[in-house]
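A look at the structure
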Amino acid sequence: MRILKRSLLPFIIIITLGGCATIDIAALTADDHQYGQTPDEQKLIDRAVRFNEDLTRKGLILQNGEVQRYIDRVGENLVPPKAADAVEFDFYVFRDPIVNAFALPDGSIYITVGLLTRMENEAQLAHVLSHEVAHVILRHGLKQHRSHRAGMISSHIADLVLFGTSIAYIPYITSMASYSREQEEEADRMALDLMSSAGYNLASAYQLFAIIQEIKDTESVKGSIWGSHPSNAQRAEYTKRIVDSGAVAGNPEGRIGRGEYQHIKSELIIENIKLKLRVKQYELALDSIDAALKESPASPWLYYYRGEAYRRLGDDPKGAAREHAWIYGKKYGDDLVHEFENRHKEFYTAARKSYEKALSVDTDFAHGYRGLGLLSYQRGDYKVAREALEFYLSHGRDIRDKRYINNILNRIDKL
Amino acid sequence: MIFLNVGCALTTVREHPDFASAKRIVNTVAVIPPEVEIVRLVFDGDNQRLPQREREVFEQLKTQIPQLLKERGYEVRDSQLESLHEDEDEDDIRYELEQLKTAYKQASKELYEKPAVSPEEAYKFKVSVGPVINQFAERAGVDALVIVYCSGFEKSGGLQAKEIVASALLAALTGSYVVSQNFGASVEAALIDGTNGDILWSNVTGGQLSVEAIMKNVVAKLPEKGTATITAAQPAINSQPEMESVSE
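**Focus: the confidence of the model for chain B**
Residue and element names in this part refer to chain B. Per-residue confidence for chain B gives a mean pLDDT of 82; residues scoring 70 or more make up 79%. Low confidence marks residues 1-6, where pLDDT is under 50. Its contacts with residues over four positions away, or in another chain, come to 0 contacts. Here residues 235-248 is modelled with pLDDT under 50, and outside its nearest four sequence neighbours on either side it reaches 61 contacts, counting other chains as well. Predicted as a complex, the structure gets a pTM of 0.78 and an ipTM equal to 0.71.

**Thoughts on the packing of aromatic side chains**
Evaluation of the coordinates by the stated rule reveals 17 aromatic pairs over all chains. An angle of 20 degrees between the planes, with centres 5.2 Å apart, marks the rings of Y92(A) and Y110(A) as stacked. Highlighted residues: Y92(A) in strand β1 (residues 90-94) and Y110(A) in strand β3 (residues 108-112), separated in sequence by 18 residues. Of the two residues examined, Y92(A) and Y110(A), each falls in the buried class. Ring centres 6.2 Å apart and planes at 75 degrees place the aromatic pair Y304(A) and F365(A) in the edge-to-face group. Taken together, the positions of Y304(A) in helix α15 (residues 300-315) and F365(A) in the loop between α18 (344-361) and α19 (366-378) put the pair 61 residues apart, joining distant regions of the chain. The ring of Y95(B) carries R95(A) above its face, with NZ or CZ at 3.4 Å from the centroid. Directly above the aromatic system of F340(A) lies the positively charged group of R343(A), at a separation of 5.7 Å from the ring centroid.

**Notes on the interface of chain B and chain A**
At the interface, 44 residues of chain B touch 47 residues of chain A. When chain B packs against chain A, close to 4300 Å² is buried across both sides, 42% of that on carbon and sulfur atoms. For the pair chain B and chain A, the interface holds 7 salt bridges. Where R403(A) meets E138(B), a salt bridge forms, and the shortest distance between an N and an O atom there is 3.9 Å. Inspection of the region where chain B meets chain A yields 9 residue pairs in polar contact (both at pLDDT 80 or more). Secondary structure elements with two or more residues in the side of chain B that touches chain A: β3 (35-41), β4 (48-49), α4 (91-111) and α6 (134-140) of chain B. The greatest single-element share of the side of chain B that touches chain A, amounting to 11 residues, is contributed by α4(B). For the side of chain B that touches chain A, the class distribution of residues is 9 nonpolar, 16 polar and 19 charged.

**Focus: the packing of α15(A) against α18(A)**
Residues and elements named next belong to chain A. Direction vectors running N to C along α15 and α18 enclose 165 degrees, while the axes themselves pass 8 Å from each other. When the axes of α15 and α18 are compared, the pair comes out roughly antiparallel. Like other packed secondary-structure pairs, α15 and α18 cross with a definite hand, here left-handed. From α15, P300, Y303, Y304, R306, G307, E308, Y310, R311, L313, G314 and D315 reach across to α18, where they touch H344, F347, Y348, A350, A351, S354, Y355, K357, A358 and V361.

**Focus: the pairing of strand β2 (residues 28-31) of chain B**
Residue and element names in this part refer to chain B. In β2, alternate side chains face the same way, and those of T28 and A30 on one face and V29 and V31 on the other are all buried. In this structure, β2 lies alongside strand β5 (residues 75-77), joined through 3 bridges in parallel fashion. Within β5, the position partnered with V29 by the bridge is V76.

**Comments concerning the side chain of K101(B)**
Among the secondary structure elements, K101(B) is positioned in helix α4. A distance of 2.6 Å separates the side chain of K101(B) from the side chain of E35(B), its partner in a polar contact.

**Looking at the pattern of salt bridges**
For the structure shown, the criterion picks out 42 salt bridges over all chains. Linking E35(B) and K58(A) is a salt bridge whose minimum nitrogen-to-oxygen distance equals 3.9 Å. Taken as a pair, E35(B) in strand β3 and K58(A) in the loop between α2 (39-57) and α3 (65-78) lie in two separate chains rather than in one. Given a relative accessible area of 15%, E35(B) falls into the buried group. One salt bridge connects E260(A) with R255(A), and the closest N-O pair in it is separated by 3.6 Å. Take E260(A): its relative accessible area is 35%, and that puts it in the partly exposed class. Overall, the relative accessible area of 35% leaves R255(A) in the partly exposed class. Among the ionic contacts, a cluster of salt bridges with common partners joins D54(A), R57(A), K58(A), E35(B) and K101(B).

**Some remarks on the nonpolar core**
Residues and elements named next belong to chain A. If you look at the biggest cluster of nonpolar residues, it comprises 67 residues, and the most contacted ones within it are F89, I111, L116, M119 and L125. Sort the elements by how many residues they give to this core and helix α6 (residues 122-137) lands first, with 9 residues. Leave out the neighbours within four places in its chain, and M119 touches I111, Q124, L125, V128, L208, Y261 and K265. Counting residues in each nonpolar core, the second largest holds 45 residues, with A325, Y348, Y369 and L375 among its members.

Cut-off values and rules
- Residues numbered from 1 in each chain as written.
- Chains lettered and ligands numbered in written order.
- Predicted model: local features only at pLDDT ≥ 70, side-chain atom pairs only at ≥ 80, totals over all residues.
- Heavy atoms only, no water.
- pLDDT = per-residue confidence, 0-100.
- Contact = heavy atoms within 4.5 Å.
- Phe/Tyr/Trp six-rings, centres within 6.5 Å; stacked < 30°, edge-to-face > 60°.
- Helix = DSSP H or I, 4+ residues; strand = E, 2+ residues; numbered from the N terminus.
- Buried < 20%, exposed > 50% of the residue type's maximum accessible area, 1.4 Å probe, protein only.
- Lys NZ or Arg CZ within 6 Å of the ring centre and 35° of its normal.
- Buried area = accessible area lost by both parts, 1.4 Å probe.
- Salt bridge = Lys/Arg side-chain N within 4 Å of Asp/Glu carboxyl O.
- Polar contact = N/O pair within 3.5 Å; in protein donor to acceptor, adjacent residues only side chain to side chain.
- Nonpolar A, V, L, I, M, F, W, Y, C, P; charged D, E, K, R; others polar.
- Axes fitted to C-alpha atoms, helices over the stretch in contact; angles between N-to-C directions.
- Parallel < 35°, antiparallel > 145°, perpendicular 65-115°, else oblique.
- Left-handed = near helix turned anticlockwise from the far one by under 90°.
- Pairing = 2+ DSSP bridges.
- Core = buried A, V, L, I, M, F, W, Y, C linked by side-chain atoms within 4.5 Å.

See the structure below:
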């Protein structure tokens, strides 16, 4: 008997532990949800709080009053009162050019500048936020944690070659906000209910998937449900089926909210382009600029950044080759770098044209002179460089690179 | 065999040719608050940051780095960045600081595309973070800034036990026993020109030593103020500045 007991003990323990893991976790809309009352959930909440503190400390949360008020208004309107009683939902715009949104177990919901500039209207934003709110309500973070898959997913994603983002945060997101396919479907389904309750047009939800299907690999985090995810076509189909079946009471006249959304988006476009250039996404920055120029063809800033993207394509053939290889699935190596090196004249010509275009739109546009000056210096045209950079220093506002520019002017003097 | 190893000695140090030849001299420096990440690796893969330990290492590095730089002859000034953490109005500068760090991380990929290179190669690196550094150099009133990253790990008791069992099983099967490290750290440091963002010098090293000892080893390779690493016999190419220049 003793031997039997001893040999059965490991199995008894496994069965007991298995039982713990499969206890139902109530949604936050249930009466007895017991949110945050177990040590493991509290640990997840603490980790989420620390993560938010870290992002704030690093200035990675966008501080734009108008954008924040808008996101808060749209987001808070989607949260059912019972869930709002259980947890405080906070909505943040994350300064990152990748296309992503994620929710953490403490009710913090993040949407990147990259995703906000991709969407077309408020209803699409509402769908993304609803989906993330649903993850919190359904406590998918805790469920995933208990299923012991979080660690595996986290290490899997961390192993992937990541490109073009301030990626230090990725392991934390993936450990707290990586969900199974079933959970994603569950969140998609609940998102439609939340959108419907808030009076949005449901067709916008599946239209959103069509937009994000066009996203290139480089623009999204691997594994992000809002990125170039292979399941987006299926999600679109699934969502359309639910909407068409009438399973969710939708209003065909529901709110789309294009005008206000476009205004908010225009606040973020330059930010997104700057972020892309910072992480050496030159071609992707050009794509964003060209798209934005269709909406705002008289923006000197857009032409200026177009010039910057081309100038940096010329200056940085290695970075350009790396990005190109990633976008088009080509092999990165010396051949590709040479290809970009050989195109430097083409890039510099395009840069000059863009700066000149910026100055033709606004003859006093100081940054246009900055770009032209730096390009001319690079190309050995020191007279033009001097004039342009001096104009920039004397006419520019809030110049942060004065020391850099003065150093170049000193170098020109010594030539 | 020993001679061969010596002949092929590789280095993790990188230097800008102008700095290596003492063409560009740095007198005053400020240290950007170091980035520290210490993780406890646990049995189930749900690894945890150790904020208390990170804070201790941060405080230790904050005192140690200026001292090491002074020993190399540099005048060290306050970066004026410590108070950023508390001041909400400084959000933009916090963001710019993060952008500087991102720019360095990008540059570091280029610097360390090959982890170790020959000494001849080590003094030819012309990599820049661009003018994003200007405002920080202005703020501190220095010629150059020092940026430091420290990352480390500790293994939990459970993970250590698991690895001992795994090693014992491996030993039984193959006859060889693998001893894995229960803690470790690495430190990367760089000296960046405050005017044009050129990375003048960088080094990275790691191991099972204390962070303090690793830091000391890293900075030991920094040339003393005003001294040249390479001589006229090893000319350092031309001195056109790099033009990494995304700005507001």
